[in-house]
Amino acid sequence: MLDPQDYVGVTFWIISAAMVAATYFFTVERDRAVGKWKTSLTVAAMVTGIAAIHYFYMRGVWIETNASPTVFRYVDWLLTVPLQIVEFYLILAAIAVVRAALFWKLMIGSLVMLIFGYLGEVGAMDYWIAFIIGMAGWLYIIYEIFIGEASQISASQGTAASQAAFNALRIIVTVGWAIYPIGYVLGAGAEGAAGLNIVYNLADFVNKIAFGVVIWAAATSSSESA
Ligand SMILES: *C/C=C(C)/C=C/C=C(C)/C=C/C1=C(C)CCCC1(C)C
């Protein structure tokens, strides 16, 4: 049973519902998008759909054990973060010929970030050394999308809709993703589980649902102008 005083458990509940609703929304709205944008909305629905399944399960783990569902959290991230990297790539590939190497660079940066975050959280490595290496993976992605190849492709070849989507996705990866390391830092102490989970839950709400909404806005605006 979910105790109404258990505010962390309540956030698991709310986000489970929001993920299901978002999945339905992106799936239905796919009809309004044209061409390659349809695939982007499919991927957005996959991200929230995968997260919904994990949230149902994580909610149960939290309510029954009062401990962080670390394995399920990272399994979810390992599936959904690469899909969001795919989204970046699809947005660029919709407008330009993009080298596969760019995709792999973003993918490797995100894997370094997640694998070391996991090793730190389960205690397989020093908590702070793992954090620093994970941060390096994230900063590398930020470099690629603001200064590196991805940003140059968007700036030189993008359409108004694709540039708007790309810029918004950049803000999500920089500002929205910054919520996660805050959760990790809060999780350091013995009493850290509540803070860590509430912050990670908030972060997933912003970064999976808002991320999809940004893509939805670009996808539907470019259909209307087409
Ligand atoms: C849908 C799930 C998403 C978008 C998850 C994103 C996760 C991160 C951006 C995690 C970042 C971390 C660092 C930057 C440092 C190490 C600790 C992590 C893994 C929490």
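Scroll up to find the structure.
Residues numbered from 1 in each chain as written. Predicted model: local features only at pLDDT ≥ 70, side-chain atom pairs only at ≥ 80, totals over all residues. Heavy atoms only, no water.

Asker: I'm lost on unusual backbone geometry in this one. Help?
Answerer: Residues other than glycine seldom take positive phi values, yet asparagine 66 does so here, at roughly 55 degrees. For asparagine 66, the position within the fold is in the loop between α2 (37–65) and α3 (70–93). Asparagine 66 sits in the exposed class, given a relative accessible area of 52%. (Helix = DSSP H or I, 4+ residues; strand = E, 2+ residues; numbered from the N terminus. Buried < 20%, exposed > 50% of the residue type's maximum accessible area, 1.4 Å probe, protein only.)

Asker: How should the side chain of asparagine 197 be read in this particular structure?
Answerer: Position of asparagine 197 among the secondary structure elements: in helix α9 (residues 192–225). Residue contacts for asparagine 197: discarding those within four places in its chain leaves Val8, Phe12, Trp62, Ser68, Pro69 and Arg73. (Contact = heavy atoms within 4.5 Å.)

Asker: Teacher, can you tell me more about helix α6 (residues 149–157) here?
Answerer: Note: α-helices contain 3.6 residues per turn, so residues at a spacing of three or four share the same orientation. If you check which residues of α6 are buried, you get Glu149, Ala150, Ser151, Ile153 and Ser154. Of the surrounding elements, those touching the buried residues of α6 are α3, α4 (100–121), α5 (127–146) and α7 (160–176).

Asker: Would you mind going over a nonpolar patch on the surface with me for this structure?
Answerer: Residues Tyr140, Tyr143, Phe146 and Ile147 make up a contiguous nonpolar surface patch of roughly 390 Å² in combined accessible area. You can see isoleucine 147 is positioned in the loop between α5 and α6. For isoleucine 147, a relative accessible area of 53% translates into the label exposed. (Patch = residues over 30% accessible without salt bridge, like charges linked within 9 Å, V, L, I, M, F, W, Y side chains within 5 Å. Areas by Shrake-Rupley, 256 points an atom, 1.4 Å probe, with all protein chains shown as cover. Salt bridge = Lys/Arg side-chain N within 4 Å of Asp/Glu carboxyl O.)

Asker: Can you walk me through the packing of α2 against α3 in this structure?
Answerer: If you want to describe how two helices pack, look at the angle between their axes and the distance between the axes. Closest axis-to-axis distance for the α2/α3 pair is 10 Å, and the angle between their directions is 170 degrees. Here α3 runs roughly antiparallel to α2, going by the angle between their axes. Of the residues in the contact of α2 with α3, the class split is 17 nonpolar, five polar and three charged. (Axes fitted to C-alpha atoms, helices over the stretch in contact; angles between N-to-C directions. Parallel < 35°, antiparallel > 145°, perpendicular 65-115°, else oblique. Nonpolar A, V, L, I, M, F, W, Y, C, P; charged D, E, K, R; others polar.)

Asker: Is there a simple way to explain the site of the ligand in this structure?
Answerer: In the vicinity of the ligand, 18 residues are found, and the nearest of them are Trp77, Gln84, Met113, Tyr180 and Lys208. Contributing elements (two or more residues each) for the shell around the ligand: α3, α4, α5, α8 (179–186) and α9. When residues in the shell around the ligand are grouped by element, the largest group, five residues, is from α3. Across the shell around the ligand, the residue classes break down as 12 nonpolar, four polar and two charged. (Near = heavy atom within 4 Å.)

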